[in-house]
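# What the coordinates show
Below, each chain spelled out in residue letters.
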Amino acid sequence: MDDQVTPNSENRRPARGTAGYAESADALAVQYEEVTFEAVHSAVLHLVPAEPGRILDVGAGTGRDAAALAARGHHVVAVEPTAELREHGQRIHPDSTIDWVDDTLPELVLNQGRFDAVFATAVWMHLDAEERRRAMARIAALVIPGGLFFVSLRHGPVPEGRHMFDVSASETAEFGNAHGLRTAHLGERADLHGRPGVRWSCLVLRSTGTEE
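Residues numbered from 1 in each chain as written. Predicted model: local features only at pLDDT ≥ 70, side-chain atom pairs only at ≥ 80, totals over all residues. Heavy atoms only, no water.

## A short note on the overall build of the protein
Operational definition: Counting from the N terminus, the helices are the DSSP runs of H or I reaching at least four residues and the strands are the DSSP runs of E reaching at least two. In this scheme, a residue with accessible area under 20% of its type's maximum is buried, one over 50% is exposed, and one in between is partly exposed, where area comes from a 1.4 Å probe on protein chains only. Contact definition: two residues touch when any of their heavy atoms are within 4.5 Å. Note on areas: Shrake-Rupley with a 1.4 Å probe; residue coverage comes only from the protein chains shown.
Within the protein, the regular secondary structure consists of 6 helices and 8 strands. The N-to-C order of helical and strand elements in the protein reads β-α-α-β-α-β-α-β-β-α-β-α-β-β. Within the protein, the fraction of its 212 residues that count as buried is 53%. Within the protein, counting contacts between residues at least 6 apart in sequence, those at least 24 apart form 73% of the total. In the form shown here, the protein has an accessible surface area of approximately 9600 Å², with 49% of it arising from carbon and sulfur atoms.

## Quick notes on helix α3 (residues 64-71)
In terms of burial, α3 is a largely internal element, 7 of the 8 residues being buried. Three or more residues of α3 are buried, namely R64, D65, A66, A67, A68, L69 and A70. Looking one or two residues beyond α3, the residue adopting positive phi is G73, at roughly 100°.

## Focus on the packing of aromatic side chains
Each aromatic ring pair is characterised by the separation of its centres together with the angle its planes make. Applicable threshold: Within 6.5 Å between ring centres, the rings of Phe, Tyr and Trp (the latter by its six-membered ring) count as paired, and their orientation is classed by plane angle as stacked under 30 degrees, edge-to-face over 60, tilted in between.
This structure, assessed with the given rule, holds 3 aromatic pairs. On the numbers, 6.0 Å between centres and 55° between planes, the contact of F37 with F119 is tilted. In this pair, F37 is assigned in helix α2 (residues 37-40) and F119 in strand β5 (residues 115-121), connecting sequence segments 82 residues apart. Just as F37 is buried, F119 falls in that class too. Pairing W124 with F149 gives two aromatic rings, centres 5.5 Å apart and planes at 70°, and the pair type is edge-to-face. Taken together, the residues span a long stretch of sequence, with W124 in the loop between β5 and α5 (129-142) and F149 in strand β6 (residues 143-155) at a distance of 25 residues. On the basis of relative accessibility, which here comes to 0%, the residue W124 falls in the buried class. Joined through ring pairs, the aromatic side chains of F37, F119 and F150 make up one cluster.

## Things to note about the side chain of R189
The condition is simple: Lys and Arg are tallied as positive, Asp and Glu as negative. Neither His nor the chain termini are counted. By definition here, a salt bridge exists when the distance from a side-chain nitrogen of Lys or Arg to a carboxyl oxygen of Asp or Glu is within 4 Å. A 3.5 Å cut-off defines polar contacts: any pair of N or O atoms within that distance qualifies, except that in protein one atom must be a possible hydrogen donor and the other a possible acceptor, and neighbouring residues in sequence count only when both atoms are side-chain atoms.
Topologically, R189 is positioned in strand β7 (residues 181-190). No salt bridge is formed by the buried R189. Its closest oppositely charged neighbour is D191, at 5.1 Å. A distance of 3.3 Å separates a polar side-chain atom of R189 from the backbone oxygen of V40. Not counting chain neighbours up to four residues away, the residues in contact with R189 comprise V40, R199, W200 and C202.

## Details of the environment of D65
Assignment of secondary structure puts D65 in helix α3. Here the alpha-carbon distance between D65 and F119, two residues 54 residues apart in the chain, equals 8.6 Å. Not counting residues within four places of it along the chain, the set of residues in contact with D65 comprises F37, H41, D57 and T121. Among the polar contacts made by the side chain of D65, one reaches the side chain of R64 at a distance of 2.8 Å.

## Some points on the nonpolar core
In summary, soluble globular proteins display a tendency toward joint burial of nonpolar side chains. Definition in use: Residue types Ala, Val, Leu, Ile, Met, Phe, Trp, Tyr and Cys, when buried and joined through side-chain atoms within 4.5 Å, form a set referred to as a nonpolar core.
Core analysis: the biggest nonpolar cluster contains 34 residues, and L56, L105, L108, W124 and F149 have the highest contact counts within it. Breaking this core down by element, the ones donating at least two residues are β2 (54-58), β3 (75-79), β5, α5, β6, α6 (169-177) and β8 (199-207). Every residue in contact with L108, bar those within four places of it in the chain, is listed here: L56, V58, V79, D103, R138, I139 and L142. In terms of nonpolar packing, the next biggest core, distinct from the first, is built from 20 residues, V44, V48, A67 and A68 among them.

## A look at the pattern of salt bridges
Side-chain pairs of opposite charge can arise where the charged atoms are in close proximity. This structure, assessed with the given rule, holds 7 salt bridges. Note that R64 is salt-bridged to D65, the shortest N-O span being 2.8 Å. For R64, a relative accessible area of 15% puts it in the buried group. Its relative accessible area of 3% is what places D65 among the buried residues.

This is how it looks when you write it as structure tokens:
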């Protein structure tokens, strides 16, 4: 693992979507690692690139997904703006070849080329509508033609102290379509932690390399 975290925006203010995560990092580290990458993404595992490639994990948390993807042979760039979660990730997954980056959507300043796939697990609903529009344009620019954007959207009660919106999969697909990202998968699943009223949308968008 690359223990050196790349700070892309040293003077950047904390993103509103990260509210509550630093304070809860210890508990969240346990919660995130209680479920596996395979369980979270079971419906779309067949779409994860089989051949080693370059994958971007936005809002990587403790690196659960990033570590699983790295174990599959991918070069993974893990973007996580909350320092406390990054530190847990480096502790929990010390042997994983993950490049950690301190950055956040919608700007996401990266100078590492384009990616075969981008993951945004439990991230997108922290952005407001205008941020989501800008973020989709940024994601589209980072995915190679034919590459995939994996999005997991939480629906249900908002935890206290969090900055979160009820974002539909249909809106997300519409924003993607405007940037040449077409729906490859759309489904729903129950909450793996059994939280009352919480459910998830699982969306995968494939880049055509063209915008409308």
